[in-house]
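Each chain, letter by letter, is given below.
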Amino acid sequence: QQPVQSPQAVILREGEDAVINCSSSKALYSVHWYRQKHGEAPVFLMILLKGGEQKGHDKISASFNEKKQQSSLYLTASQLSYSGTYFCGTEPSGAGSYQLTFGKGTKLSVIP
Amino acid sequence: NAGVTQTPKFRVLKTGQSMTLLCAQDMNHEYMYWYRQDPGMGLRLIHYSVGEGTTAKGEVPDGYNVSRLKKQNFLLGLESAAPSQTSVYFCASTPRPQETQYFGPGTRLLVL
């Protein structure tokens, strides 16, 4: 089952902040965040692991609430280059979990 | 170091025709994945492989077959193409599930 992302779309002016949320109905081991620009492949941003370890981008931060099976991506002081569609991918807890299930995406538009 | 490459970049098929999409990676990654991306649906996993000679079904495997005869290559086959398989197909690889997935540039497939 796909994780649910919110909002579906958001428009920001340069310098404004945004939060993108990702919620799953399953217990999670990790949450991955990717950004995709139009016509391009998704690009890695961040991984959050159960237990609190975080690997990723130094200009974007994220949180992972294991108990609520939720993650949030925080974009501060947005730049034009932040425009794109953001996807969360969730990895369920348990043995043999080798795959990610992606949400439908959040389209972020940053305008001057 | 080319990363992940996909062949072809674009293809038009008629209903009932067959074709094979090739994914190649030069990073010695164990795990490889095939996704399809449709408007508003995010990335959906078709099949994946956890190592040479292994394959497993993902979320939407019907109508597709895969093979991983060599560690660096992951092939996606459509035996009898249908218009519902019109999509953008992405391949990805990773050394382990808790690391970033590296995506190929995508293959645009149109089935008439």
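Residues numbered from 1 in each chain as written. Chains lettered and ligands numbered in written order. Predicted model: local features only at pLDDT ≥ 70, side-chain atom pairs only at ≥ 80, totals over all residues. Heavy atoms only, no water.

Draft legend 1. Representation of the overall build of chain A in the model. For chain A, the helix and strand inventory stands at zero helices and 11 strands. When the helices and strands of chain A are listed from N to C terminus, the series reads β-β-β-β-β-β-β-β-β-β-β. By its C-alpha atoms, chain A is 45 × 25 × 20 Å across when sized along the principal axes. Taking the contacts inside chain A whose residues are at least 6 apart along the sequence as the reference set, 56% of them involve residues at least 24 apart. As presented, chain A carries roughly 5,600 Å² of accessible surface, and 49% of it is formed by carbon and sulfur atoms. The distance from the centre of the 11 positive side-chain charges to the centre of the 8 negative ones in chain A is 7 Å. (Helix = DSSP H or I, 4+ residues; strand = E, 2+ residues; numbered from the N terminus. Contact = heavy atoms within 4.5 Å. Areas by Shrake-Rupley, 256 points an atom, 1.4 Å probe, with all protein chains shown as cover. Lys, Arg positive; Asp, Glu negative; His and termini not counted. Charge placed at Lys NZ, Arg CZ, Asp CG, Glu CD.)

Draft legend 2. Representation of the environment of Ser81 of chain A within the structure. Residues and elements named next belong to chain A. Tracing the backbone shows Ser81 in the loop between strand 8 (70-75) and strand 9 (84-92). You can call Ser81 partly exposed: its relative accessible area is 38%. If we ignore the near neighbours within four places in the chain, the residues touching Ser81 are Arg35 and Lys37. (Buried < 20%, exposed > 50% of the residue type's maximum accessible area, 1.4 Å probe, protein only.)

Draft legend 3. Just the interface of chain B and chain A, in detail. Each partner contributes residues to the interface: chain B has 24 residues there, and chain A has 22 residues. Carbon and sulfur atoms supply 56% of the area buried between chain B and chain A, which totals about 1,800 Å² over both sides. When residues of chain B are sorted by the area they lose upon contact with chain A, Leu43, Gln98 and Phe103 of chain B head the list and together hold 28% of the total. Across the chain B-chain A interface, the total number found is zero salt bridges. Between the two partners, chain B and chain A, sit six residue pairs in polar contact (both at pLDDT 80 or more). Elements that contribute at least two residues to the side of chain B that touches chain A include exactly strand 4 (31-38) and strand 5 (42-49) of chain B. For the side of chain B that touches chain A, the residue count by class is 12 nonpolar, eight polar and four charged. (Buried area = accessible area lost by both parts, 1.4 Å probe. Salt bridge = Lys/Arg side-chain N within 4 Å of Asp/Glu carboxyl O. Polar contact = N/O pair within 3.5 Å; in protein donor to acceptor, adjacent residues only side chain to side chain. Nonpolar A, V, L, I, M, F, W, Y, C, P; charged D, E, K, R; others polar.)

Draft legend 4. View of a nonpolar patch on the surface. A cluster of nonpolar side chains, namely Phe10, Val12, Leu110 and Leu112 of chain B, defines an oily patch on the protein surface of about 370 Å² accessible area. Looking at where Val12 of chain B falls in the secondary structure, it is placed in strand 2 (residues 10-13). (Patch = residues over 30% accessible without salt bridge, like charges linked within 9 Å, V, L, I, M, F, W, Y side chains within 5 Å.)

Draft legend 5. Molecular detail of the pattern of salt bridges. All names here are of chain B. Considering all chains together, one arrives at four salt bridges over all chains under this definition. We note a salt bridge from Lys71 to Glu30, for which the minimum N-O separation is 2.9 Å. With a gap of 41 residues between them, Lys71 in the loop between strand 7 (64-67) and strand 8 (73-78) and Glu30 in the loop between strand 3 (19-25) and strand 4 connect regions that are remote in the sequence. Overall, the relative accessible area of 31% leaves Glu30 in the partly exposed class. Through salt bridges that share partners, Arg36, Asp38 and Arg44 make up one connected network.

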